Amino acid sequence: AAPKNRAAVPKLLALAETDGLLVQVEKGLYLHAETMELLKNQLLDALLEKGSMTLGEIRELFETSRKYAVPICEYFDRIGLTERRGDDRVLKTVTQCENPTENA
C-alpha cells in the first residue's frame, strides 16, 4: 500500500523470521510463530487421537480454507512432523536402528 516502503518488507520479514517471530510456510506466506506452535499442538493432539487425518479434516481443525491448509500441511511434512500417505497425513515416526555388535 505504501510504495516507498515496499522494498523494506522482504528485509523486515527476514528479520522477523530470524528472530523467531515469524515462520515462512511457503514463499510469500508467513505466520506468527505462536500461531504455528498452536497449530502444531492442535495437529499433534488430533493425530495422536485419530492416527491419521485427511486434508479436509485438518482444514476444519484449523478453521481455515484449503488455500492455507495445504501449505501448512506441506510445511509440517517438510519439517518432519507429519508425512503424507495417500490422502491422509500421519505423524512421522523416527525409528532408530541399532547395529548389532559382534562379540570378538
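Located above this text is the structure these notes cover.
Nothing here was measured: the structure is a model prediction, and the numbers come from that model. Within any chain, residue numbers begin from 1 and follow the written order of that chain's sequence. In keeping with the model being predicted, local features are shown solely for residues with a pLDDT of at least 70 and side-chain atom pairs are shown and tallied solely at 80 or more, while totals for entire chains, interfaces and linings include all residues. To obtain the side-chain values, all non-hydrogen atoms of the structure were used and water was disregarded.

## As for the packing of helix 3 (residues 55-62) against helix 4 (residues 66-78)
In step 1: The interhelical angle for the contact between helix 3 and helix 4, taken along N-to-C directions, is 105°, at an axis separation of 9 Å. Classified by the interaxial angle, the pair formed by helix 3 and helix 4 is roughly perpendicular. From helix 3, Leu55, Ile58, Arg59 and Phe62 reach across to helix 4, where they touch Arg66, Ala69, Val70, Ile72, Cys73 and Phe76. Every axis in this analysis is a line fitted to C-alpha atoms, fitted for helices over the stretch in contact. Angles between the N-to-C directions lie between 0 and 180 degrees. Helix and strand definitions here come from DSSP, where helices need a minimum of 4 consecutive H or I residues and strands a minimum of 2 consecutive E residues; each element is numbered from the N-terminal end. These descriptions rest on fixed angle ranges, namely under 35 degrees for roughly parallel, over 145 for roughly antiparallel, 65 to 115 for roughly perpendicular, and the rest for oblique. When checking whether two residues touch, look at their non-hydrogen atoms; a contact exists if any pair is within 4.5 Å.

## Structural notes on the sheet that holds strand 5 (residues 88-91)
In step 1: Any two strands are treated as partners once DSSP identifies two or more bridges connecting them. Strand order in this open sheet of 3 strands is 3-5-4, and the pairing throughout is antiparallel. Each having just a single partner strand, strand 3 (53-54) and strand 4 (82-85) make up the two edges of the open sheet.
In step 2: Of the pairings in the sheet, the one linking strand 4 to strand 5 comprises 4 bridges and is antiparallel in character. Within strand 5, the position partnered with Thr82 by the bridge is Leu91.

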